[in-house]
Amino acid sequence: MAAIILMVTTVSCSSDDLPGIDDRFFPGNGDFPTGGSGSGTSFEETITSTYNEMSSFDISLDKTSAEPAGVTATYPEESDRFSNNTFGTVVNIDMSAPVASSENGVSITVSGNDVTANHGSTAGVHYIVTGTTSDGSLTIEGKTDFELELSDAGITSTRSTALDIQSKMKAFVVLSGSNTLADGTSADDGHKGAMYAKGKLIFNGSGSLEVIGSYANGIHGKGNIVFDPGVNVYVKSTAKHGIKAGDNLHINGGILNVEVSAPGSKGVNGDVDIIINGGRTTVISTANGTWDTDDLETKASAGIACDGNFTMDGGEIYLKSTGSGGKGLKADWEGYINGGKVRIITTGGLYYCNGSTENHNYTGDTDRIDDAYTSSPKGIKIGTKNEHGVLEITGGDIMVRTAGNNAEGIESKGTLDISGGTVLIYAHDDAINSSGDLTISGGTVVAVGTNNDAIDSNGNMYFKGGEIIGIGAGGAESGIDIDESHSLYISGGYIFGIGGRIDARLGSTSQGIICTTGSVTAGGTVSVLSGSSTLHTFNMPPVSYSNGTMLISIPELASGSGYTVTAGGLSFEASASSTLSSGMGGDPGGGRR
């Protein structure tokens, strides 16, 4: 192992002569001990995952594991809560032998295997649908809210929507037993989903529902969609999106599994906001990018995507995207993660198309290419090419792994604030990237950028608290990288960065900084000692790095004082400073975006 050479912060920390990334990165098997050691070091966040998962964890559908506990359910309106409604007028519909009837204000008409139920202005109707049909459909009409109980029902239509809710009122879909809905690859009605509703869709009950969309979306609600605890829903679409909401989408609980494969499709898609309070949502997307002939730009797939804000307070989401340009989680405006568990994987390459030429694994220079012609894979992306977003993480257990050219872990097109939770990122490109200011004031953040920067801001960077570890690539890439026109401000936190250099200009600091060159081992530790007392120990992720440029800063460091640093099995003396030399700044933040 190379000897560690001390460089105090009054000299450049550039190390352009370091070996290449291929000599430096390889997964290890180190476990993560909870928290650091020594005096004055404590963390409120409970570490629920080990670092050694970062580079190798996988995601698959799970229909059988118990539903995790959630937080308080939310609804578009309080009247959308099923328990606040009563539906006492029972109407039975047997899809295997439907019978036309008219009673209790409800009309049932039958044409072949197609059934239409119309309750008009009758209130409190409770439809119970049983039986199966291999080429039929069920249409619901009416001017009042209603309950639609699916009880071991199976509806397949080769010509139209299987379940077509034309009523614009609230449909409380109660699942009992095992139910299936499916459409065919062609249609005579140009429908939007195997299950379609013009009004709100509110799912509850304790049964299961399988929806197969072969012509368009799996489930398409023109209004709000709500999933309550207890339901078990599987949706597969080979033609468009899995679940599509024309308004807000609330996941209060339940088990949701979604698969999509059509170019540019989304697993769970909302035209406005998506709110997750509970349940377990798993999305597997194998969809590639595509060219939008209307907007004249590329579009890519995503596990969860919304045109508005994404908020997560509880529950679990597991998102895997393997197609070109694919994303895990995407929100066009703002993102708020306050709790719950997040696991995201992307493995697709950079998607390129100019309307005539297409490449699903583009590796060329994108600096001179119009943004409309490319879609980069991302773990989490908040904001769009034309609208800046806001991403705030106040809690939760987050782990993201990406592969493929330009595949960043977390990207905010506006500001990015982390004040709590555990954020573990193992990315091919920048692990964490913010177009605006980036602030970390709490929690545990471990970022690995195997081919670019670890933590990269095109605005100012503020470290105010928490545990922060950034491991970047070699050469011009950094553990901590800031745009040349902005600065780093340190007022707290336990900070460790290593990379080809430290690309930052210091605005101010309230704690000492040590800059040196050294090595770290996968699953190893880096400790700072004052005499015989260990001030802090950083636990390394599953990455080994030889002869890299380090930055260490913790609240216990005082400028002008001497300390002992142990890293990679070696120990050396170092002095802390409160300045960074001008040689540590330089290039604009970390590569293409």
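Just so you know, these numbers come straight off a predicted model, no measurement behind them.

(A) Seen up close, a positive patch on the surface. On the surface, Lys168, Lys192, Lys198, Lys222 and Lys240 cluster together into a patch of positive charge. On the secondary structure map, Lys240 appears in the loop between strand S17 (232-237) and strand S18 (243-245). Its relative accessible area of 43% is what places Lys240 among the partly exposed residues.

(B) Molecular detail of the sheet that holds strand S54 (residues 570-575). If you walk across this open sheet you meet the 4 strands as S51-S50-S53-S54, and the pairing is antiparallel. If you trace the sheet from one side to the other, it starts and ends with strand S51 (533-539) and S54, each paired once. Going across the sheet, the axis of each strand differs from the next one's by a mean of 20°, ignoring polarity. With 6 bridges joining them, strand S50 (residues 525-530) and S51 adopt antiparallel strand pairing. Within S51, the residue paired with Thr525 across the bridge is Asn539.

(C) Structural view of the nonpolar core. Of all hydrophobic cores here, the largest spans 94 residues; its most connected members are Tyr127, Ile165, Met195, Leu201, Phe203 and Phe310. Per-element tally for this core: the top contributor is strand S8 (residues 146-157), with 5 residues. Excluding residues within four positions of it along the chain, Phe203 makes contact with Val173, Met195, Leu209, Ile219, Ile225, Val226, Phe227, Asp228 and Val231. The next biggest cluster of nonpolar side chains, apart from the first, holds 36 residues, and it includes Ile284, Ile471, Phe496 and Met540.

(D) Spotlight on the pattern of salt bridges. The final tally for this structure, using the stated rule, is 20 salt bridges. For Asp58, the salt bridge goes to Lys320, with nearest N and O atoms at 2.8 Å. Here the residue Asp58 occupies a position in the loop between strand S1 (5-6) and strand S2 (89-94), and Lys320 occupies one in strand S28 (residues 316-321), the gap between them amounting to 262 residues. Close ionic contact of Glu78 with Arg81 constitutes a salt bridge, the shortest N to O distance being 2.9 Å. Overall, the relative accessible area of 48% leaves Glu78 in the partly exposed class. Taken together, the shared-partner salt bridges in this structure form one network comprising Glu77, Asp80, Lys170 and Lys200.

(E) Looking closely at the sheet that holds strand S33 (residues 358-359). In spatial order, the strands read S33-S32-S34; together these 3 strands make up an open sheet with antiparallel pairing. Edge positions in the sheet fall to S33 and strand S34 (374-375), since each of these pairs with one other strand and no more. Note: strand S32 (residues 351-353) against S33, 2 bridges, orientation antiparallel. Paired with Cys353 across the two strands is Glu358, which belongs to S33.

Calculation rules
- Residues numbered from 1 in each chain as written.
- Predicted model: local features only at pLDDT ≥ 70, side-chain atom pairs only at ≥ 80, totals over all residues.
- Heavy atoms only, no water.
- Patch = residues over 30% accessible without salt bridge, like charges linked within 9 Å, V, L, I, M, F, W, Y side chains within 5 Å.
- Areas by Shrake-Rupley, 256 points an atom, 1.4 Å probe, with all protein chains shown as cover.
- Salt bridge = Lys/Arg side-chain N within 4 Å of Asp/Glu carboxyl O.
- Lys, Arg positive; Asp, Glu negative; His and termini not counted.
- Charge placed at Lys NZ, Arg CZ, Asp CG, Glu CD.
- Helix = DSSP H or I, 4+ residues; strand = E, 2+ residues; numbered from the N terminus.
- Buried < 20%, exposed > 50% of the residue type's maximum accessible area, 1.4 Å probe, protein only.
- Pairing = 2+ DSSP bridges.
- Axes fitted to C-alpha atoms, helices over the stretch in contact; angles between N-to-C directions.
- Core = buried A, V, L, I, M, F, W, Y, C linked by side-chain atoms within 4.5 Å.
- Contact = heavy atoms within 4.5 Å.

By themselves, these observations are geometric and do not establish any function.
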